[in-house]
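# Structural features, examined
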There are 2 protein chains.
Amino acid sequence: MAISEFDIISRFFDGRGPQRADVRRGIGDDGAVLRVPPGQELVAVLDTLVKGVHFPDNTPAEAIGYKALAVNLSDLAAMGAEPAWFSLGLTLPGRDVGWLEQFSAGLFGLAGRHGLQLVGGDTTRGALTVTIQAHGFVPCGGACSRAGAREGDDIYVTGTLGDAGLALLAIAGRYHVAGAGAEELRERLERPVPRVALGMALRGLVHAMVDVSDGLLADLGHVLRASGVGARIAVERIPLSEAMKAARDELGERQCLDLALSAGDDYELCFTAPPSSRGEIMRLAEAHGCSCRRIGVVESGGRLVCMWEDGRVYRTGRKGYDHFADAGRGSPDEKQ
Amino acid sequence: MAISEFDIISRFFDGRGPQRADVRRGIGDDGAVLRVPPGQELVAVLDTLVKGVHFPDNTPAEAIGYKALAVNLSDLAAMGAEPAWFSLGLTLPGRDVGWLEQFSAGLFGLAGRHGLQLVGGDTTRGALTVTIQAHGFVPCGGACSRAGAREGDDIYVTGTLGDAGLALLAIAGRYHVAGAGAEELRERLERPVPRVALGMALRGLVHAMVDVSDGLLADLGHVLRASGVGARIAVERIPLSEAMKAARDELGERQCLDLALSAGDDYELCFTAPPSSRGEIMRLAEAHGCSCRRIGVVESGGRLVCMWEDGRVYRTGRKGYDHFADAGRGSPDEKQ
């Protein structure tokens, strides 16, 4: 059954999820009217998911709703921001009530967990595209940044890396896994857990932070360029899930490591901090139920080097700097 | 020539247009860090344009860039807000440098005129879709609303109505106009002028305000429902452009009036205010170089009636409430 834009908004979006006192006016006017608390700055992030590009065609609507918000929450987490509001630009090929029910359930399930209110948006007809702008707060001057990494800092990542990439391989039939293992991988791809509380807790402790959305080497590369430094990564220290370890038999160690270093969509945090903060960082990670591992150190110069423990350089077969391939910059190991 | 996402951002978007002191951090991090001035509330609006839906396939890239921002500025104007920042979600089928040059020229041309800074966004691959979230300020409690219209208020519109709809008819070959007239119409469709300064000036004077994006009857209908009132519109008072008046010979008076009442994409302001404010409103409109006309009055009840001066009801052939057709609500004259 097709329904009107007005009905889509009132039935699936208006008044759902948390209703916050700092939203002076939400859905229903030409714009939302919002109040930023005194002493706080506003953090604004925006991410778009396109069907067939950012998620496979057969992704359940509930997972699309969840993930469209999760990737924005992950950006807020990387800034150390406390989530507050979001706006939704939803472009739909049709007006399928069942799809909208599932999509909005995924969206508001996650929004509720983080106290986020939907304050406005636009529903249009076209190829399935979901753009969310999310807003959060940081104390004035307190936002984390990509630009603060310093020589001698430790480099950390949360969780495990490469699982979303492994899930995509499995969906494409290029890796064979069944049962609970397949479910778990799919969950990692479709339902990344944004590290919001840990991101906020790390504010003031970290020198630089980024979320791992384009792959560790690419995103750490952003930090290094913004900070004017280089880094050395210990390949053996890259955190791998049990699912990834199990995949090594079929795929080989190299392909698994490459996934962990270069596949995107993990939405973990990568950050740098001085060695004096090690104890505090590990304590915070544990308090937030989030694994966290030191994987390398920040160095002078602009190079990003991956090393085996025995001192050999690890040359990844995938381009960690895919984004920049056309700009004359190669993958990290091409620079050696 | 195809270029990378990184190069698109640095070449066409980063550092262009006004650079504002209240932007603590703009493009280049996971999010923007923004400072709302003390005593001000934030107004957030979001609009999406989809190729083939919101603009014809052959629309010049420069016009798409202009219009994507203009429709958001028009929403800010309807709230009485002072424009400040915007974020851009740009989904592109390819990475055409010429197209991007024109698109960004249109975007930043308009942004510069209103002191608006681009603070972030996301560039993705897919069917051409442009989502902009724009931010503005209003003094605390001062935002205009759809919900304040009162019985006895005058109803005003700025500019002239229906021209964008007439331009679409001409593009579709259903209305025949050539030369300067065709150019002028096309300009009205592709380059609507958001009434930003007048919207801000009207703050505190108007009881309710909306921008005319879906057609006068539909948008005034939003105001009436939100305010719990009805209205009577004087058909002869609807402001028509010279281009529209010239079209009456070919199209007939009825079709021209229907365009003015129901066609969308005009981006004029429609507002209500008490009769005591007539002089002040006309003075402000003139000061802002914007024509403005009283077209009716707010009444009790929930009906929206269009009348000829001789007392006959005007029954439009188009549905002014298209958005709600499936919800069991008819067009305004079906309610009579």
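Rules and cut-offs
- Residues numbered from 1 in each chain as written.
- Chains lettered and ligands numbered in written order.
- Predicted model: local features only at pLDDT ≥ 70, side-chain atom pairs only at ≥ 80, totals over all residues.
- Heavy atoms only, no water.
- Helix = DSSP H or I, 4+ residues; strand = E, 2+ residues; numbered from the N terminus.
- Rg over C-alpha atoms; globule rule 2.2 N^0.38 Å.
- Buried < 20%, exposed > 50% of the residue type's maximum accessible area, 1.4 Å probe, protein only.
- Contact = heavy atoms within 4.5 Å.
- Areas by Shrake-Rupley, 256 points an atom, 1.4 Å probe, with all protein chains shown as cover.
- Lys, Arg positive; Asp, Glu negative; His and termini not counted.
- Charge placed at Lys NZ, Arg CZ, Asp CG, Glu CD.
- Least-squares fit on C-alpha atoms with pLDDT ≥ 70 in both.
- Salt bridge = Lys/Arg side-chain N within 4 Å of Asp/Glu carboxyl O.
- Polar contact = N/O pair within 3.5 Å; in protein donor to acceptor, adjacent residues only side chain to side chain.
- Nonpolar A, V, L, I, M, F, W, Y, C, P; charged D, E, K, R; others polar.
- Domains from an automatic or database assignment.
- Buried area = accessible area lost by both parts, 1.4 Å probe.
- Pairing = 2+ DSSP bridges.
- Axes fitted to C-alpha atoms, helices over the stretch in contact; angles between N-to-C directions.
- pLDDT = per-residue confidence, 0-100.

The next point concerns the overall build of chain A. Helix and strand counts for chain A stand at ten helices and twelve strands. By the compact-globule yardstick of 20 Å for 336 residues, chain A fits well, its C-alpha radius of gyration being 20 Å. The principal-axis extent of the C-alpha atoms belonging to chain A is close to 65 × 50 × 40 Å. Within chain A, buried positions represent 58% of all 336 residues. Here the analysis covers contacts within chain A between residues at least 6 apart in sequence; of these, 85% occur between residues at least 24 apart. Of the accessible surface of chain A, which amounts to about 12200 Å², a share of 47% is contributed by carbon and sulfur atoms. Averaged over its 36 positive side-chain charges, chain A has a centre that lies 3 Å from the centre of its 44 negative ones.

For these two chains of identical sequence, chain B goes onto chain A by a turn of 180 degrees and a shift of 0.0 Å along the axis, with RMSD 0.0 Å. Look at the turn and shift together and you get a two-fold axis relating the two. When C-alpha positions in chain B are compared against the rotation axis, the closest is assigned to B:A127, at 3.2 Å. When you check the interface residues of chain B against chain A, 100% turn up at the interface there too, and the contact is symmetric in its surfaces.

What follows deals with unusual backbone geometry. Residues other than glycine predominantly adopt negative phi, and peptide bonds predominantly adopt the trans conformation. All names here are of chain B. Within the chain, D265 stands out as a residue other than glycine whose phi angle is a positive 75 degrees. On the basis of relative accessible area, D265 is assigned to the buried category, the value being 15%. Residues other than glycine seldom take positive phi values, yet Y267 does so here, at roughly 55 degrees. Structurally, the position occupied by Y267 is in the loop between α9 (253-262) and β10 (268-273).

So, about the environment of A:G121. Counting through the fold element by element, A:G121 comes out in strand β5 (residues 117-125). Once the C-alpha coordinates of A:G121 and A:M79 are considered, the two residues, 42 residues apart in sequence, prove to be 23 Å apart.

Next up on the list: the interface of chain B and chain A. Listed by partner, the interface residues are 60 residues for chain B and 60 residues for chain A. The interface formed by chain B and chain A holds six salt bridges in total. With a shortest N-O distance of 2.5 Å, A:E41 and B:R35 are connected by a salt bridge. In this structure, the connection of chain B to chain A is made through 23 residue pairs in polar contact (both at pLDDT 80 or more). Sorting elements by how many residues they give to the side of chain B that touches chain A places strand β3 (residues 40-50) of chain B first, with nine residues. Residue classes in the side of chain B that touches chain A are distributed as 26 nonpolar, 18 polar and 16 charged.

With that out of the way, let us pick up the domain arrangement of chain A. A common way to state how big an interface is: give the accessible area lost once the parts meet. All names here are of chain A. According to the domain assignment, chain A consists of domain 1 (5-139) and domain 2 (154-335). With 24 residues of domain 1 in contact, the opposing surface of domain 2 contributes 20 residues. For the pair domain 1 and domain 2, the summed buried area comes to about 1800 Å², and 58% of that belongs to carbon and sulfur atoms. Along the contact surface separating domain 1 from domain 2 lie two salt bridges.

Residues and elements named next belong to chain B. Of the pairings in the sheet, the one linking strand β9 (residues 230-234) to strand β11 (residues 292-299) comprises four bridges and is antiparallel in character. In the sheet register, R232 faces β11, and the bridge partner there is V297. Here four bridges tie β9 to strand β12 (residues 304-307), and the two strands are oriented parallel to one another. Across the sheet, A231 pairs through a bridge with L304, a residue of β12.

Strand order in the open sheet formed by six strands is β1(A)-β2(A)-β3(B)-β6(B)-β4(B)-β5(B), and the pairing between neighbours is mixed. At either margin of the open sheet sits one strand with a lone partner, and together these are β1 (23-25) of chain A together with β5 (117-125) of chain B. This sheet shows a mean twist of 20 degrees between the axes of neighbouring strands, independent of strand direction. Where strand β2 (residues 32-34) of chain A lies against β3(B), three bridges are found, and the strand directions are antiparallel. Directly across from A:V33, in β3(B), lies its bridge partner B:V43.

The next subject is the pattern of salt bridges. In the structure shown here, the tally under the stated rule is 38 salt bridges over all chains. Linking A:E41 and B:R24 is a salt bridge whose minimum nitrogen-to-oxygen distance equals 3.8 Å. Separated into two different chains, A:E41 in strand β3 (residues 40-50) and B:R24 in strand β1 (residues 23-25) make up a pair that spans both. Where A:K245 meets A:E242, a salt bridge forms, and the shortest distance between an N and an O atom there is 3.5 Å. Within this pair, A:K245 and its partner A:E242 are both found in helix α8 (residues 242-251), separated by three residues, close to a single helical turn. For A:K245, a relative accessible area of 35% puts it in the partly exposed group. The exposure class of A:E242 is exposed, given its relative accessible area of 59%. Via salt bridges that share partners, A:D163, A:R188, A:R195, A:D266 and A:E268 belong to a single interconnected network.

When pLDDT drops low, the exact placement of atoms in the prediction is not to be read closely. On average, residues of chain A score 92 in pLDDT, and 93% of them reach the 70 mark or higher. In the predicted assembly, ipTM is 0.92 and pTM is 0.93.

A sheet is described by the order of its strands in space; here six strands give the open sequence β5(A)-β4(A)-β6(A)-β3(A)-β2(B)-β1(B), paired in mixed fashion. Each of the sheet's edge strands pairs with one partner strand only, and the pair in question is β5 of chain A together with β1 of chain B. For this sheet, the mean angle separating the axes of adjacent strands, direction not counted, is 20 degrees. Taken together, the eleven bridges between β3(A) and strand β6 (residues 129-139) of chain A define a ladder with antiparallel strand orientation. Counterpart to A:Q40 in the pairing with β6(A) is A:P139. Contacting β3, β4 (82-92) and β6 of chain A together with β1 and β2 (32-34) of chain B, helix α2 (residues 61-79) of chain A runs over the sheet at an angle of about 140 degrees to β3(A). Here helix α3 (residues 97-113) of chain A sits on the sheet and contacts β4, β5 and β6 of chain A; the angle it forms with β4(A), its principal contact strand, is near 165 degrees.

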